[in-house]
Structures are given as C-alpha cells and as structure tokens.
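Reading the structure
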Amino acid sequence: MMNQPNTYMDGPDEDGHFGLFGGRYVAETLMPLILEVERAYNEAKDDEAFQTELRGYLKNYVGRPSPLYFAERLTNKLATDSGGARIYFKREDLNHTGAHKVNNCMGQILLARKMGKNRVIAETGAGMHGVATATVCALFDIPCTIYMGTTDIERQSPNVSRMKMLGAEIIPVTSGTGTLKDAMNDALRDWVANVETTYYLIGTVAGPHPYPAMVRDFQSVIGEETRAQIMEHEGRLPDSLIACIGGGSNAMGLFFPFLDDEVRIIAVEASGEGIETGKHAASLNAGAPGVLHGNRTYLLQNEDGQITDAHSVSAGLDYPGIGPEHAWLHDIGRAEYVSITDKEAIDAFHICTRLEGILPALESAHAIAHVIKIAGDLPKDHIMVLNMSGRGDKDMDSVAAYLERNK
Amino acid sequence: MTGTERIAKRFADLKAEGRAGLVTFITAGDPNFDVSSSILKQLPAAGADIIELGMPFSDPMADGPAIQASSQRALNKGASMIKTLDMVREFRKSDADTPIILMGYFNPIYIYGVEKFTAAASEAGVDGFIIVDLPPEEAEMRAPVENAGLSFIYLTAPTTDDARLPTVVEHASGFIYYVSVTGITGTKSAATQDIETALKRLRRHSDLPIAVGFGIKTPEQAAEIGKYAEAVVVGSAFVNKVTENLDKNGNPKDGCADAVLGLVRDIAGGLKSGSPATV
Ligand SMILES: Cc1ncc(COP(=O)(O)O)c(C=O)c1O
C-alpha cells in the first residue's frame, strides 16, 4: 500500500490525476475544448453569483435538501440479539426527476450557459441521467441529444418516453452490447464533430479531467447535507457510508465530504451473474488499470487491452470502467469495494419495497443488498447511511422480465 | 537506419521528386490476417509512400463507422498487438524503405507495456506511432519512443489554435498530421481553402513535413490537397473497399485485396499528376 496522504480531499492534481489515475486521454480536436471547460469550471467554482444561482435551483427546482430518513423497519428486520446497525437512507430518489443525477446536470447546464454553448449532448445507461439532462435542457431551452444503447432503450423504456416528452432527441447506439460504454463512445464522436457549439454533459465521475472532479463537486451536496442531517438525528457522524457504483457519481457525492473523517466507506459494484461467470460489471474487483473514455482507471479488458463487455441487470451499473478517484481510493485502501449479484439486488429490491414502501432503483438496490448482508453483524450503535440514489419506477419491466427468466 | 531517419529519407525523396506523398491507412488484420498482410505487402508497388497500419481497438472513439467496423472485423478474426507486429515483420522482409506508422489507441499499448511494446515494434521494423488519445499532455510514450529512434507523430486539428500549437509541435518528430476536419474519420471533407489557410498557420510553428488527413476519398481531392501538403492520408476509402468485397459471412471475396490496391493506384496516380507541394 502507498503512503497515506494527510488529506484525501485535495485531488486531483492540476493535470487531473488522482495518483496513477485520471488524466486527459482525448483526441487533439477535443483538447482545446476540454481546457476551456476546465477554465470555465475553475472560474465558476469561486464565483459567488454562479454558486448562489446553483443553490437556488437546487432548493426550489430540484427540491433539496433531500431527506435523511431513518429506515426503522429495515433496521429492525436486520437486527439480531447482539447487533444490527441503525440504517438511514439519503433520499436522492425524492429529487425532481427521481435520482441524484439532476444535481450534476443542474451544475453543468449553468456552466454550459456560461460558456455560451447552444447544444447539449449526453450519454445515458439507465436513462436517469438522460432524463435529468433533458429536463434541465427543457428548463433552459437548449436543444439536447441523448445517446443511449439499444439494449438499454429496451430495458428502460419508461425513461425513453420521458426524454422524448421533454423534447430530447434520442440516438440509439447499436455498437458493442448497446449499453453505456457504447453510448459514451458515440457521444464523444458527436462532440469531436461539433466542438464549437456543443457542450458534453457527462453523467458520472468519469471522462477526461475536469469531469471527474467537477461531477464529484456537484454531487458533493449529498454528503454535505448528510453531515448536517445526521448531526441533527444522532448528534454525531455516521460510522459507515454505503453506495452503489456505476461510474461512481452518487458514491463520490456521498463519500467525498467524509474522506478525512473516521468513517468506514463501502462502495458496491455489480457482479451480475457472478464474477466467476465473466458476466459482471465489477471493474475494481475483476478489472485492471487501463485507459478509456479520457481517463486511466480500472477497466474490464482482456490480455490484449481490448475492453470487454460488462453485464448487470441494472443498466446504470452496466459499465466496464469506474471513475478514476474511486480507482485511487481503492488502491490506497481508503474505501472498500464489494460486489452484489443481479439476484441479490432483485431480492433487496423486493425487501426494501415491502418493508419501507420505497421502490428503489435497481442500482440503489445493489447497495441495499450489501446492507442486508452486513448490518446484522455490526454493533447496535453503528450508524450507517445508504445512498438511495434513485427510485425504481423505471425498473418495473426489468424486474418482471428478470423474474420471468429466472422462474 | 532508425525509424525517424527512414521517415525523413522518404520525405526528402518525395521533395526531390517534386510531389506530395500518399499515406495509406489500413487496419491490421482486416478482413483477416492473410488478406491484410497481402494488401500490406503490395501497398508500396501500388503507390503508397508511407503506410499507416491501424492497431485494432474495441472502442475506437475518434473513428467513424467504417473504421469501427473494420477494427471489429479484425478483432473477430483474432487480431492482436502481437499479430500486428508479426505483420510488420513480414512486410520488412521485402521492403526496407517504406515507413510504417502504427496508428491506434493507447490502452492496448499500455497493457502490453509501453517500454516493451516500443522495443518490440522497433525490432519488428516500425518507424513511428500515432496514438489518437495521447495528446502532448499525456506524455508517457514520448521518452521510450525517442530513445528507440522512432517518431511520435502528433495530431493537430482545426481547434488547435496558435496559443496551443507550440505545445503540440514541441516534441513532434517525423511529420505533423493535420486532421483537416473537426470530426471522426470517414465522414465529412474540409474545404481546400480552409486547409490551405490552416497549413500556413502550422508552418509558422514547425518546419516538419505535414500530412493532411480525414475526409480524403478521391484522386481529385488528393491531388488538390497535395498542392499544399507534403503528404495526404487516405483511410476510410480503402477500408470501404474491403467492406464492399466481403461475402455475407464477412469473409473476403476473391479480388478483395485487388479492389483496395486498385484504389491506391488511382489515388497515387491523381497525386503524381498534381502540382508539387509549395514549401
Ligand atoms: C439511480 C441510479 N443510481 C446509480 C447510478 C449509477 O451511476 P453513478 O455510479 O455515477 O452514481 C445510476 C446511473 O444511471 C442511476 O440511475
């Protein structure tokens, strides 16, 4: 293990590196624009007017702060004679558009406007980022094009209709497995061809610098609110935090403000049908460092450096990479990266729905499944905060189809 | 002779002949190893002055549908970094003069090991590299490539402005590749006028020869752009010839190689009839 830094919160360096990871691995055509996004973002970060405007939209439009809810029935259900953590849900599912994604979209759309861009593109997997992007584009009257893999279009059809209703153009992506990675490839190709006019609104803490840091910063409102809210509920910081990982934005948003505290941090990857089957999306648990989509990070790949297909029942986790800051937190041992299978996630989806009356997104259900695994073994005074990253209305068809296939 | 010297000699010869050179791109292993290798060997006789050999990658982000499909075909037929180098080694048995530039994306090289790959490529007879997703800011291949006497060829684009050009050309070697359109390979073409203006700007920053690529498909376009550049790069048009000559199972029909080479001859002919580069 490497030397432990004094703080975990000062990354990335000025070239966008978190240790070995991150960077700006893009074609020259994009480089000038990426530097421009970085300049604009650095300005916005310290611009009180920008931050005030963003806070206003988050409060009055998105509906922040999102509640921190004590999940009492789940807590009681998982309690044993000797133990059982107190489980809180950070309710990002209650945001406008139904997931954490909108926090980032709100920030980036204000940036795109500031930069004078008059067209927005985005990639989407589960469709939540696409919906959030289409939403803020409707709000600010900016034409919007969403790239979405054909596999995902099929399994997240309610979100496809929502995006269209909001006025977005959906471009189906057929290459690869028709999932998030392929959508990101095509969004990058669009961007290269339309750099002058177009802003690429990346939906997670991946891509070339400054995106991983910028998206993390916009999502950190989750962790900042959680700090204040848990003090109100419990009078102290939590003992552990837990979140699911696709690219890693809801997780980074919850974790970042706690990185320098004595808080256990657990991130949950999707192991699909099981890591041993090869059909999974567990880049940290089963991948190796490599370069894709503008950054160095852990990737699912073969011995020739070809990227291999990810698999997860959850479209939002079905990605063969992970944000570079997570790769770094993994390597220095600051966070734990575990994995949950399709089946465990579907079971957790049902348990949460029946016990709490909260229908979680299949992505979030991965985090719930891990809570179900470990909560009983933790002491009674252990406080755990789970990021309920989104709601599961979009997943009705997927869950039904899964149950049908696995009867 | 080092790779960088081989490239310099080729450009010196072209200058002496008073014409612009033809840089041909094909994907290594498309439509399969044998046909690809056979095309490669015959490229110089058909009129290629410099060869760009594409290293297939699963996620070629800067490429259009033609080269994406060609990369995938090659991978489906078992292409790999090792086989790409085998192909170069084969080629060098019969040709000691035509520069070969490997073009592709960084990840397969990173996984092979940068030092190890550079050494293996040099030994196989490679002269330079174009790595699309390694801008000058990500410089980890520069030293190993320079130490091996090979060229790292940088791309410049219409978006690379005067403020940035010095950063890009500072470590350039061999030639400069001007990407004439903001876009992916195989789609639109640039106006000659814009290219002419862009090259004038580039020459204020570098004395290296310039190759212009992206969107050049016909002998006429090549001849036109050859008036202003030391070389023109044609890629998707050749790859399309492969695509047109596949049977319904994706296997090459008889004449697949000849179809590609025929177009090489046509474009080379166009260039030879054009006026010399005005340098
Ligand atoms: C509800 C929800 N949670 C989590 C994710 C995964 O993304 P990330 O890891 O960036 O939070 C998605 C992505 O689509 C999502 O829709």
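Here's what I pulled together on the structure shown here. Model, not experiment: these values are computed from the prediction. (Residues numbered from 1 in each chain as written. Chains lettered and ligands numbered in written order. Predicted model: local features only at pLDDT ≥ 70, side-chain atom pairs only at ≥ 80, totals over all residues. Heavy atoms only, no water.)

1. Comments concerning the overall build of chain B
Rules: Counting from the N terminus, the helices are the DSSP runs of H or I reaching at least four residues and the strands are the DSSP runs of E reaching at least two. The quantity called the radius of gyration is restricted to C-alpha atoms. Its globule counterpart is 2.2 Å times the number of residues to the power 0.38. We call two residues in contact when some of their heavy atoms are within 4.5 Å. A 1.4 Å probe and the Shrake-Rupley method give the accessible areas. Residues count as covered only by the protein chains that appear here. The convention is simple: Lys and Arg are positive, Asp and Glu are negative, and His and the chain ends are not counted. Note on charges: their place is set at NZ of Lys, CZ of Arg, CG of Asp or CD of Glu.
Secondary structure summary: chain B contains 12 helices and 9 strands in total. Whereas a compact globule of 279 residues would reach a radius of gyration of roughly 19 Å, chain B reaches 17 Å, a difference of no more than 12%. Sequence separation of 24 or more characterises 72% of the internal contacts of chain B that already satisfy a separation of 6 or more. Element-wise, carbon and sulfur atoms account for 51% of the exposed surface of chain B, whose accessible area totals about 10,100 Å². Looking at charge distribution, chain B has the averaged site of its 27 positive side-chain charges lying 4 Å from that of its 35 negative ones.

2. Thoughts on unusual backbone geometry
The omega torsion across A:Gly11 and A:Pro12 is 0 degrees, close enough to zero to call that bond cis. Inspection of the secondary structure puts A:Pro12 in the segment before β1 (17-18). Here the bond from B:Asp30 into B:Pro31 is cis, since omega is 5 degrees, no more than 30 degrees from zero. Looking at where B:Pro31 falls in the secondary structure, it is placed in the loop between β1 (21-27) and α2 (33-46). For A:His293, which is not glycine, the phi torsion reads 50 degrees and is therefore positive.

3. Observations concerning the site of the ligand
Residue and element names in this part refer to chain A. In plain terms, the rule: Residues are classed as near a molecule or strand on a simple rule: at least one heavy atom within 4 Å of it. Under this definition, polar contacts are N or O atom pairs within 3.5 Å; protein pairs additionally need one hydrogen-donor-capable and one acceptor-capable atom, and for neighbouring residues in sequence, both atoms have to be side-chain atoms.
Every one of the 18 residues lining the ligand counts as a neighbour, but Thr 204, Gly 246, Gly 248, Ser 249 and Ser 389 are closest to it. Interatomic distance of 2.9 Å between a side-chain N/O atom of His 100 and an oxygen atom of the ligand. In this structure, an oxygen atom belonging to the ligand sits 3.2 Å away from a main-chain N or O atom of Gly 247. Coverage of the ligand by the protein chains reaches 98% of its 390 Å² of free accessible surface.

4. Concerning the interface of chain A and chain B
How large an interface is tends to be reported as the accessible area lost when its parts come together. Note the threshold: Values labelled buried area give the accessible surface lost by two parts on being combined, using a 1.4 Å probe and summing over both. Criterion for a salt bridge: a side-chain nitrogen of Lys or Arg within 4 Å of a carboxyl oxygen of Asp or Glu.
At the junction of the two partners, chain A supplies 35 residues and chain B supplies 37 residues. Between chain A and chain B, roughly 2,700 Å² of surface is buried when both sides are summed, and carbon and sulfur atoms account for 52% of that area. Per-residue buried area on chain A facing chain B is highest for A:Tyr25, A:Glu28 and A:Arg189; these three make up 25% of the total on that side. Across the chain A-chain B interface, the total number found is 3 salt bridges. With a closest N to O distance of 2.8 Å, A:Lys181 and B:Asp59 form a salt bridge.

5. Some points on helix α4 (residues 101-114) of chain A
Residue and element names in this part refer to chain A. Note the following rule: A helix is expected to span 1.5 Å for every residue after the first. Relative accessibility thresholds used throughout: buried, under 20% of the residue-type maximum; exposed, over 50%; partly exposed, between the two (1.4 Å probe, protein chains only).
The terminal C-alpha atoms of α4, which comprises 14 residues, lie 20 Å apart, in line with the 20 Å expected from a rise of 1.5 Å per residue. Of the positions making up α4, those classed as buried are Lys 101, Val 102, Asn 103, Asn 104, Cys 105, Met 106, Gly 107, Gln 108, Ile 109, Leu 110, Leu 111 and Ala 112. Once α4 finishes, Gly 116 follows within two positions and takes phi at roughly 75 degrees, a positive value.

6. Topic: the pairing of strand β9 (residues 231-234) of chain B
All names here are of chain B. Test applied: At least two bridges found by DSSP between two strands are what make those strands a pair. Handedness rule for crossovers: strands pointing away from the viewer, path from the first strand over the helix to the second running clockwise, crossover right-handed.
Where burial is concerned, the two faces of β9 agree: the one with Ala 231 and Val 233 and the one with Val 232 and Val 234 are both buried. Relative to β9, strand β8 (residues 210-213) runs parallel, the two sharing 2 bridges. In the sheet register, Val 212 faces β9, and the bridge partner there is Val 232. Handedness of the β8-helix α10 (residues 219-225)-β9 crossover: right-handed.

7. Re the sheet that holds strand β6 (residues 144-149) of chain A
Residues and elements named next belong to chain A. The line we're drawing: Between N-to-C directions, angles span 0 to 180 degrees; the directions come from axes that are lines fitted to C-alpha atoms, helices contributing only their stretch in contact.
One open sheet accounts for 4 strands, arranged β7-β6-β5-β8; its pairing is parallel. Across the chains shown, the open sheet's two edge strands, defined by having one partner strand only, are β7 (169-173) and β8 (198-200). Averaged over all pairs of adjacent strands, the angle between strand axes in this sheet comes to 25 degrees, irrespective of strand direction. Strand direction decides the pairing type here: β6 and β7, joined by 5 bridges, are parallel. Residue pairing for β7: Tyr 147 is matched across the bridge by Ile 171. In the packing of helix α7 (residues 157-165) onto the sheet, contacts are made with β5 (119-124), β6 and β7, and the angle to β6 comes to roughly 165 degrees.

8. Here's the deal with the side chain of A:Arg64
All names here are of chain A. Its place among the elements puts Arg 64 in the loop between α2 (48-62) and β3 (68-70). At 2.8 Å, the side chain of Arg 64 forms a polar contact with the side chain of Asn 103. Contact partners of Arg 64, with chain neighbours within four places excluded, come to Leu 58, Lys 59, Lys 90, Glu 92, Asn 95, Asn 103, Val 221, Ile 222 and Glu 225.

9. A closer look at the pattern of salt bridges
Residues and elements named next belong to chain A. Under the counting rule described, the total for this entry stands at 48 salt bridges over all chains. Close ionic contact of Glu 344 with Lys 373 constitutes a salt bridge, the shortest N to O distance being 3.1 Å. Residue Glu 344 is located in helix α14 (residues 342-356), and its partner Lys 373 is located in helix α15 (residues 362-374); the two are separated by 29 residues in the primary sequence. In this structure Glu 344 comes out as partly exposed when scored by relative accessible area, which is 25%. Note on Lys 373: relative accessible area 45%, which makes it partly exposed. Its salt-bridge partner being Lys 394, residue Asp 395 comes within 2.9 Å of it at the nearest N-O pair. Given the relative accessible area of 2%, Asp 395 is considered buried. Under the relative-accessibility criterion, Lys 394 is labelled buried at 3%. Salt bridges sharing partners connect three or more residues here, namely Arg 64, Lys 90, Glu 92 and Glu 225.

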